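Residues per chain are reported as follows:
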Amino acid sequence: EYLPSLQNCTDSLNSSVSQGGEEFKHKLELRLIRADQKDPQFQQHFQESYEVYKKYQMSIHKDKEDECDQNTYRRFLCASPLKYQHDASSKDDVLMGAFHQHYLLDGKIIAVGVLDILPDCVSSVYLYYDPDYSHLSLGTYTAIRELQLCGVLGRKHYYMGFYIHSCHKMRYKGKYYPSELLSPTSFNWHPIEKCLPFLDQHKFHTFEKDAELMTRKKTLDVTEVKFFLFGAIRPYSPGLAESLSRKSKAMLAAYYEVCDKNAENMVVVLNEDEEEEESSDDE
């Protein structure tokens, strides 16, 4: 009964890998497991998966051995803050949370996709693979498989994370269509084919006309904003807002301007202790 719905998804993906009924020299399988360090299946495959990660980091990213030890690996890819819960709106009762998708060739892990399964999307967090199999174009292949997983799970979107146009290693993300980039100022989505000409000319671009940003109607209700302050999340109150330092107030004004309605769904981190120390130094 372990992850029944997700195991069914894995079985479905595996059947599509091996469809045709022919005999092949090698066998490719997919295995989707929780990225939970207390999970028995995760523990069973931890060492093999970690060895692939270590080999990838040292070969592809030129990390030193002490920069990709097990503790670093656990913090980076095995300690998600997401809680596992079933999607009540899904007819298949899909389990959401953080997962590792293993790609096995003849029973050996050759790549691992780190995924977050969310209510509306599958988010591709990271991919690492055995460099000995680079000729298989595993980055492209695993992205296609993750897109397929979106369809199997009934997720509307596939999120590939940040896109940095000046970073050659990220250019592959711009090859998938249809695809959209998020404006860093308006939080509107734009077709990537319309964004790329701007990014060819500028390191930073909003993908919007300045006039559109100036006339955009503000809809933020500041009373819905939450603060992380003095080690705890606190709701907005006029007294709290008034008690903040001048620097925090200026930062919040800019935060409200940029995020607008989105600020109601986020938590802004404030550090008044540092503000007070800086003020004292200025005086």
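As the structure is a prediction and not an experimental result, all values here were calculated from the model. (Residues numbered from 1 in each chain as written. Predicted model: local features only at pLDDT ≥ 70, side-chain atom pairs only at ≥ 80, totals over all residues. Heavy atoms only, no water.)

Now for the packing of aromatic side chains. Under the counting rule described, the total for this entry stands at 16 aromatic pairs. Their ring planes at 35° and their centres at 6.4 Å tell us that Tyr-50 and Tyr-53 sit as a pair that is tilted. Residue Tyr-50 and its partner Tyr-53 are located together in helix α2 (residues 40-60), separated by three residues, close to a single helical turn. For the pair shown, Tyr-50 and Tyr-53 are each scored as buried. Ring plane angle 50° and centroid distance 6.1 Å describe the contact between Tyr-255 and Tyr-256, whose orientation is recorded as tilted. The side chain of Arg-34 reaches across the aromatic face of Tyr-84, ending 4.9 Å from its centre. Over the ring of Phe-46 we find Arg-74, and its NZ or CZ is 4.1 Å from the ring centre. (Phe/Tyr/Trp six-rings, centres within 6.5 Å; stacked < 30°, edge-to-face > 60°. Helix = DSSP H or I, 4+ residues; strand = E, 2+ residues; numbered from the N terminus. Buried < 20%, exposed > 50% of the residue type's maximum accessible area, 1.4 Å probe, protein only. Lys NZ or Arg CZ within 6 Å of the ring centre and 35° of its normal.)

Turning our attention to the sheet that holds strand β10 (residues 232-235). Strand order in the open sheet made by the three strands is β10-β9-β11, with mixed pairing throughout. The sheet terminates laterally at β10 and β11 (267-269), the two strands that pair on one side only. Between one strand axis and the next, the sheet turns through 35° on average, direction left out of account. Note that strand β9 (residues 226-229) and β11 share three bridges and pair parallel. When the bridges of β11 are listed, Lys-226 appears paired with Val-267. (Pairing = 2+ DSSP bridges. Axes fitted to C-alpha atoms, helices over the stretch in contact; angles between N-to-C directions.)

By the criterion of burial, strand β3 (residues 95-105) is predominantly enclosed, with 11 of the 11 residues buried. Judged from the nine bridges that link them, β3 and strand β4 (residues 108-117) form a sheet pairing that is antiparallel. Residue pairing in the sheet places Leu-105 in a bridge with Lys-108 of β4.

Next up on the list: the nonpolar core. If you look at the biggest cluster of nonpolar residues, it comprises 26 residues, and the most contacted ones within it are Tyr-53, Tyr-73, Leu-77, Ile-110, Ala-111 and Tyr-128. For this core, the element with the highest residue contribution is α2, accounting for six residues. Not counting residues within four places of it along the chain, the set of residues in contact with Ala-111 comprises Gln-101, His-102, Tyr-103, Leu-127, Tyr-128, Tyr-129 and Leu-138. Formed by 15 residues, the second largest nonpolar core is a distinct cluster that contains Met-96, Phe-99, Leu-115 and Met-160. (Core = buried A, V, L, I, M, F, W, Y, C linked by side-chain atoms within 4.5 Å. Contact = heavy atoms within 4.5 Å.)

Here we come to the environment of Lys-91. Locating Lys-91 in the fold gives a position in the loop between β2 (85-86) and β3. When the C-alpha positions of Lys-91 and Gly-154 are compared, they lie 9.2 Å apart, and in sequence the two are 63 residues distant.

By the definition in use, this model includes seven salt bridges. The partner of Lys-55 in a salt bridge is Asp-130, and the shortest N-O contact between them spans 3.1 Å. With Lys-55 in helix α2 and Asp-130 in the loop between β5 (121-129) and α4 (138-153), the pair connects residues that are 75 residues apart, well separated along the chain. Exposure remark for Asp-130: the relative accessible area of 4% places this residue in the buried category. With a shortest N-O distance of 4.0 Å, Lys-108 and Asp-130 are connected by a salt bridge. With Lys-108 in strand β4 and Asp-130 in the loop between β5 and α4, this pair connects stretches of sequence that are 22 residues apart. Here the salt bridges share partners, and the residues they tie into one network are Lys-55, Lys-108, Asp-130 and Asp-132. (Salt bridge = Lys/Arg side-chain N within 4 Å of Asp/Glu carboxyl O.)

As a further point, take the environment of Asp-93. Turning to its location among the elements, Asp-93 is positioned in the loop between β2 and β3. Judged by relative accessible area, which is 36%, Asp-93 ranks as partly exposed. Taking C-alpha positions, Asp-93 is 9.5 Å from Leu-153, a pair spaced 60 residues apart along the chain.

In this section: the confidence of the model for the protein. For the protein, the mean per-residue pLDDT works out to 84, and 84% of the residues sit at or above 70. Note on residues 274-283: pLDDT is under 50 here. Beyond four places in sequence and across chains, it has five contacts. (pLDDT = per-residue confidence, 0-100.)

Taking 1.5 Å of rise per residue, 16 residues should cover 22 Å, and α4 covers 22 Å from first to last C-alpha, within 8% of that figure. All buried positions along α4 are accounted for by Leu-138, Thr-142, Ala-143, Arg-145, Glu-146, Leu-149, Cys-150 and Leu-153. Buried residues along α4 cover an arc of 165° about the axis, so they all sit on one side. Positioned one or two residues after α4, Gly-154 has a phi angle of 75°, which is positive. (Expected span 1.5 Å × (residues − 1). Arc of directions from axis to C-beta.)

Tracing the backbone through its elements, the reader meets His-205 in the loop between α5 (192-201) and α6 (210-215). A polar contact of 2.9 Å, which involves the side chain of His-205, links it to the backbone nitrogen of Phe-207. Setting aside anything within four residues of it in sequence, one finds His-205 in contact with Pro-184 and Phe-198. (Polar contact = N/O pair within 3.5 Å; in protein donor to acceptor, adjacent residues only side chain to side chain.)

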